[in-house]
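# Geometric and topological summary
Take a look at the letters that make up each chain.
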Amino acid sequence: MKQYLGNKNAIVLFLAPALLLYSVIVFYPIIQTFYRSFFEWDGLSEASFVGLDNFVKLWGDPLLSTSLKNGFLFALVLVVFQIGLGTFLALICADVTVKGRKLLRTAYFIPVVLSVTVVCQLWLAMYDPDNGLINKIFHAFGLSYSQNWLNLPESSIFAIAFVNAWQYMGFQFALLYAGVKSIPEHYQEAALIDGAGKWRAHWYITLPLMRETFKFCFVICITAGIGAFVQMLIMTNGGPGTTNYTITFMIIRNAFGANQYGYACAISVLLVLISLIVTIIINKVFDERREEAR
Amino acid sequence: MKNKLRFTGLALAAIVAFSLTACGSDKKNEGGSASESPAASASPSASASEPSASAEPTPAETVKLKIGARYFDDDTKLPYDYAIAELKKEMPNVELELVPSQQDDNQKLKTQMATGDLPDIVDTDWSLMQVAKKSNNLLVLDNEAETATFKEQLNKGNESKLIAPDGHVYAYPYAGIEFQILYYNKKMFEDAGIALPIKTIDQLKEVSKKFVDKGIIPLAIFSKEKWIGNALLKGFMTREEPKGYGVLNDATEIPESLKLAAGQIGELQAAGLFAKNATNTNYDQASALFYQGKAAMFINGQWEIPNAHKNMGDGVDWMYWPAKDEATYESTKFAMNGQGDPSGFAVSGHTKNKEIAIKVAAFMARKYAEYKFTMVGNPIVSIKIDKPAQVQMPKMLERLSTEVIPNITSFAEVLSSPKVGLAIDDNSQNLLVSGFTLDQFVKNMNQALKDK
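- Going by the annotation in an unreviewed UniProt entry, the name recorded for chain B is Extracellular solute-binding protein, with Cohnella luojiensis given as the source organism.
- Quoted verbatim from the Subcellular location (unreviewed entry) field of the UniProt record, the comment on chain B reads "Cell envelope".

- Naming follows an unreviewed UniProt entry, where chain A appears as Sugar ABC transporter permease of Cohnella luojiensis.
- Note on chain A: under the UniProt heading Subcellular location (unreviewed entry), the record states "Cell membrane".
- According to the UniProt record, the Sequence similarities (unreviewed entry) comment for chain A is "Belongs to the binding-protein-dependent transport system permease family."

## Considerations on the pairing of strand β2 (residues 94-101) of chain B
Residue and element names in this part refer to chain B.
- Direction of pairing for strand β1 (residues 63-70) relative to β2: parallel, over a ladder of eight bridges. By the bridge assignment, R70 is partnered in β2 with S101.
- Note on the crossover from β1 through helix α3 (residues 74-90) to β2: the handedness is right-handed.

## Topic: the sheet that holds strand β7 (residues 295-301) of chain B
Residue and element names in this part refer to chain B.
- Spatially, β6-β7-β5-β8 is the arrangement adopted by the four strands of the open sheet, whose pairing is mixed. Of all strands in the sheet, those bounded by a partner on one side alone are β6 (217-220) and β8 (316-319). Across the sheet, the mean angle from the axis of one strand to that of its neighbour is 25 degrees, orientation sign disregarded.
- Pairing analysis gives four bridges linking strand β5 (residues 180-185) to β8, with the strands arranged antiparallel. Bridge pairing in β8 links L182 to M319.
- Strands in contact with helix α12 (residues 283-291) are β5, β6, β7 and β8; relative to β7, the strand with the most contacts, it is inclined by about 135 degrees.

## Comments concerning the environment of K88 of chain B
Residue and element names in this part refer to chain B.
- Of note, K88 is situated in helix α3.
- Overall, K88 belongs to the exposed group, its relative accessible area being 60%.
- Separated by 12 residues in sequence, K88 and P100 place their C-alpha atoms 19 Å apart.

Cut-offs and rules
Residues numbered from 1 in each chain as written. Chains lettered and ligands numbered in written order. Predicted model: local features only at pLDDT ≥ 70, side-chain atom pairs only at ≥ 80, totals over all residues. Heavy atoms only, no water. UniProt positions renumbered as here; feature names shortened; annotations may be inferred. Pairing = 2+ DSSP bridges. Helix = DSSP H or I, 4+ residues; strand = E, 2+ residues; numbered from the N terminus. Right-handed = clockwise from strand over helix to strand, strands pointing away. Axes fitted to C-alpha atoms, helices over the stretch in contact; angles between N-to-C directions. Contact = heavy atoms within 4.5 Å. Buried < 20%, exposed > 50% of the residue type's maximum accessible area, 1.4 Å probe, protein only.

Shown next as structure tokens:
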């Protein structure tokens, strides 16, 4: 090993393929996106340099506030449902006294392997205002509470976010379950001997020790929420109107609908920056907590 | 050691990134600016042909051309196959290689333009032409002999299908100016005791209430596709303003005609004209509602007629768009909401066989129109066809042919701003949902008109 680390040629040789691939697929497009965001460009003709005009325009775009609000609401639903419920289920499945936990573990993961289109179609049928399962359940219980779930401007984003949350909860669950299992069992045993209840022991021992796992889960959930797109596209096509738009939807609309690739690049830059800032904040918050715990 | 590794990694990444950026720059320069390109001169078609003029083959040589055309269902495959069979008879030395276009808002064609792989001939529309003309990807056909012939053959009122709003010819059209109509189930109307025709918005509101009371959806609309809501709004607007959305090209704020039409849709929505789930309903679902007798009316283009006839026989007919009052209904009955935006077969600005490609493009457009008229019985084609229709025309098409087409007073005009078009798409869809007010519509549209 030492011999390899001392050999610079070997380091370059082994790093180069991955680095090249990363540069071509990730780094170069990001650089190009930043560069193109300073131009007025329709994707084909000669681009003209407009400086920060695209960003100024973006600041005044009424769609931005709708998209940002939807992105953060989407992220909130993912955090509450996927991390909140995922943690609870992970703790249950890690408990050796719970019967059928292997079956539960598999069941929670099944939606993850389904096609997103299939899942969206399933929920579209369930949300149908006239014949959908959800409204029918209310009717069956004699309740008049039936909703036009996907058409209500104030709540449709929650209905859509829930579909993503439901489908990918199993993924977060798998990460969190692995996090729980990585904690040595004798910590828990010691707490129980000292008289702590099971949930109290989880609160004071298991959860704080899962900090790194939570950090990763939060980053995934929040960045996925801010950049959400597929569920909106399939279920409502961003509508009614632009009610369910997110930043990604804005990018698609401007690049492929309005032929404003330069402006779309500026929106992409904003998305990248927001995701980066959110990731930095999450890292900071969790690192500070770790320092406090010490 | 750690620092050296870090430095090596960073240096390598920087070299790769900068070398790739350099590649990108070269590519950009090759394209050249619109003003520098020879094809951007007053007669771009001539300029574009100059480098390849000497490469034109003699008539006996086999010429291979690529053609980008839609080819995925009977509507698109059969006219293509017909035109190809005719081409073999007329120009046996021409071989066409099909590069199928996708239903992807022209993304494939735009990519082909960007990479220089655009087929020699391409079936295009106005939105693509606007991008392509700026980047010199299409020939301007103004001075071609085929264009002069095409102009002579055009059906009355179809000039805007050939001549773009900027006054140039970029493609040879085969379709005529298509428009949207309201289909209705004759039996359901009869059973409900509704007198026809429905001439006013107030009458349509009453009809909506009657059907809602009977548990029937008054109008099935596939508004998950935003263009149909846009067409609905234009249908009502054209009753007040025959130019339709064309008036928005110079407007800086919403005209009264559009405001009135939006208000009318709002009132109809409140009267229950649309299903609760209208904005999440796709074409298959909406048409099934109509054809299965769960909806009394259906909105789509006149191209739906063969399908409607196949599903319902003589049990279906179409009606004119209602207006604010009977006088307006009568006076604007034949102002069609369809807009004559240019479309059809265009020729790549980079083709090596310019003369032949132009001839083939015009030929294909003529044969497509011929097929649609003679084999489908569709009278809405761009040019006059001197052959008789070989199929029995559905009654609804016959009505269109005899009652409407000879009496058309005007067609709506093309809206040139894609941005305003998107705003209409969004806001017309909003009108189908309760809670969206006319004030919001006006505010949103004024903003879009200001920013266009």
